[in-house]
Amino acid sequence: MQLIIRQATIADPRSSLNGKLTDLYIDNGKVSFQSNSDDGTNATIIDIPGLCVSPAFTDVFAHFCDPGLEFKESLETGTAAALAGGYARVLVLPNTKPPIDAKSQVEYIVQKSKALPVSVLPIGAVTKGCEGKELAEMYDMYASGAVAFSDGLHPVQSGQLMVKALQYVKAFDGVVIQVPDELSITKQGLMNEGIISTQMGLPGKPAIGEYLMVSRDIELARYTESRIHFSGVSTAASFQIIMAAKKEGLQVTCSVTPYHLNFCDEDLQQYDTNLKVNPPLRTRADMEATKKAVLDGIVDCISSHHLPHEYDSKVCEFEYAKYGMEGLESCFGAVRKALPSLSTDAIAKLFAIAPAAIFNQELPVITEGADALLTLFVPHGEQVFQKEQISSLSSNNAFIGQSLTGRIIGVVQGKQIKIIAQ
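Because the structure is predicted, anything quoted here is derived from the model rather than measured.

Rules and cut-offs
- Residues numbered from 1 in each chain as written.
- Predicted model: local features only at pLDDT ≥ 70, side-chain atom pairs only at ≥ 80, totals over all residues.
- Heavy atoms only, no water.
- Helix = DSSP H or I, 4+ residues; strand = E, 2+ residues; numbered from the N terminus.
- Buried < 20%, exposed > 50% of the residue type's maximum accessible area, 1.4 Å probe, protein only.
- Contact = heavy atoms within 4.5 Å.
- Areas by Shrake-Rupley, 256 points an atom, 1.4 Å probe, with all protein chains shown as cover.
- Lys, Arg positive; Asp, Glu negative; His and termini not counted.
- Charge placed at Lys NZ, Arg CZ, Asp CG, Glu CD.
- Core = buried A, V, L, I, M, F, W, Y, C linked by side-chain atoms within 4.5 Å.
- 1 Å grid on protein atoms, 1.4 Å probe; cavity = no way out; pocket = protein on both sides within 12 Å on 5 of 7 lines; lining within 4 Å.
- Points joined across faces, edges and corners; volume = space filled by probe spheres on them.
- Nonpolar A, V, L, I, M, F, W, Y, C, P; charged D, E, K, R; others polar.

### So, the overall build of the protein
Next, step 1: For the protein, the count of helices and strands is 13 helices and 18 strands.
Next, step 2: Principal-axis analysis of the C-alpha atoms places the extent of the protein at approximately 65 × 45 × 45 Å.
Next, step 3: Burial status across the protein gives 60% buried among its 422 residues.
Next, step 4: Counting only contacts in the protein whose residues sit at least 6 apart along the sequence, the fraction spanning at least 24 positions is 74%.
Next, step 5: For the protein, the exposed area adds up to about 16200 Å²; of that, 50% sits on carbon and sulfur atoms.
Next, step 6: Charged side chains of the protein number 35 positive and 47 negative; the gap between the two group centres comes to 2 Å.

### Focus: the nonpolar core
Next, step 1: Ranked by internal contacts, the top residues of the largest apolar core, which has 77 residues, are F57, F64, I218, F230, I242, V252 and F351.
Next, step 2: Contacts of I242, omitting those with residues within four sequence positions, involve V214, I218, F230, V233, V252, C254 and I298.

### Topic: the layout of surface pockets
Next, step 1: Its boundaries defined by the atoms lining it, the largest pocket holds a volume of some 800 Å³.
Next, step 2: If you trace the largest pocket, you find 28 residues lining it, with L153, H154, N278, K322 and Y323 closest to the centre.
Next, step 3: Residue composition of the lining of the largest pocket, grouped by class: 12 nonpolar, 10 polar and six charged.
Next, step 4: Approximately 250 Å³ is the volume attributed to the second largest pocket.
Next, step 5: Broken down by secondary-structure element, the contributors of at least two residues to the lining of the second largest pocket are α12 (331-338) and β17 (403-413).
Next, step 6: Among the elements that line the lining of the second largest pocket, the one with the most residues is β17, at four residues.
Next, step 7: For the lining of the second largest pocket, a count of residues per class yields seven nonpolar, six polar and two charged.

And the structure:
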């Protein structure tokens, strides 16, 4: 299948064509800037004002719930959601049943991914069963295809185990992902601790719980000279120490979620369970600090924190609702809504280039003859996000009914061309 893209802006800071308006031709899975065909009648033609073409998006923290929790999501429905969001690759959490804590579980994901339209990259568990008691066989999982290591929804609480994990992954230049949450301080909380939690009569999760975990793990990364990635960072204090660690030259990276860029604890006053997330929505000041951290380059990439839940896990009392929000399809539009000044270069870095670099994934530069691994998007224009746009098996998404900015047009992955909208 041949694809002709008319007058698109290249969004790839690594490319000599970056920022230029040009025609692209995708033929037999390769990029060209001049047509190799005398007759384009059999080609799909895309001609959309304002269209941009960037390297393909990668999401670094999503839960596809397969195996064992397929009533929430499956690999098939998860990849459909990812494709609708403009993603060609997704790192998936190990919090399945059984957990992804051995090479057989990694191989299951890798083999099943081969038949899917999006590359599903397994994150191996740091500890057996994600229970935080004993290290899992990380090298075996790495050799079988695990691209990073994390206990996912259950942050590693033991400093001793985290040191060992950071030392272990050095053998293959691996990365440990941590959601910064010190549970001995925050375990009983349902939302951010502050004025709003007091007014609502809900137990709070103090922001210091995040700060302490980020501080501890930065010290451990310094001690081991290893690589750590914090996902879902949500407080101004955390960004300050991450920035200091980066200036020092430590191998520390971080990502933020679209909902921490758009919502704060004030939005929880209607007890919307779709906004019950972890790390929780923080104060308005923290939300603004998160936006500034992205614009200032402290944040390396965007992570969807796609956590789908079935109806009964969200349509219930706030106290009993599960944490998390479905969000792959709305991620791009939500980030653009929160950060309308974000340049196309920054979009490419946050959604594509940085995630690939952090997790050692190849990402071809958009140049003549390169393999086609692309996301097509329009960065401007408003549209109301509808439930019908959700391809996930679940629909616990707080952005439904909200006006988002920009839209995903399609994804090109080699010979696979998926046009989502025109």
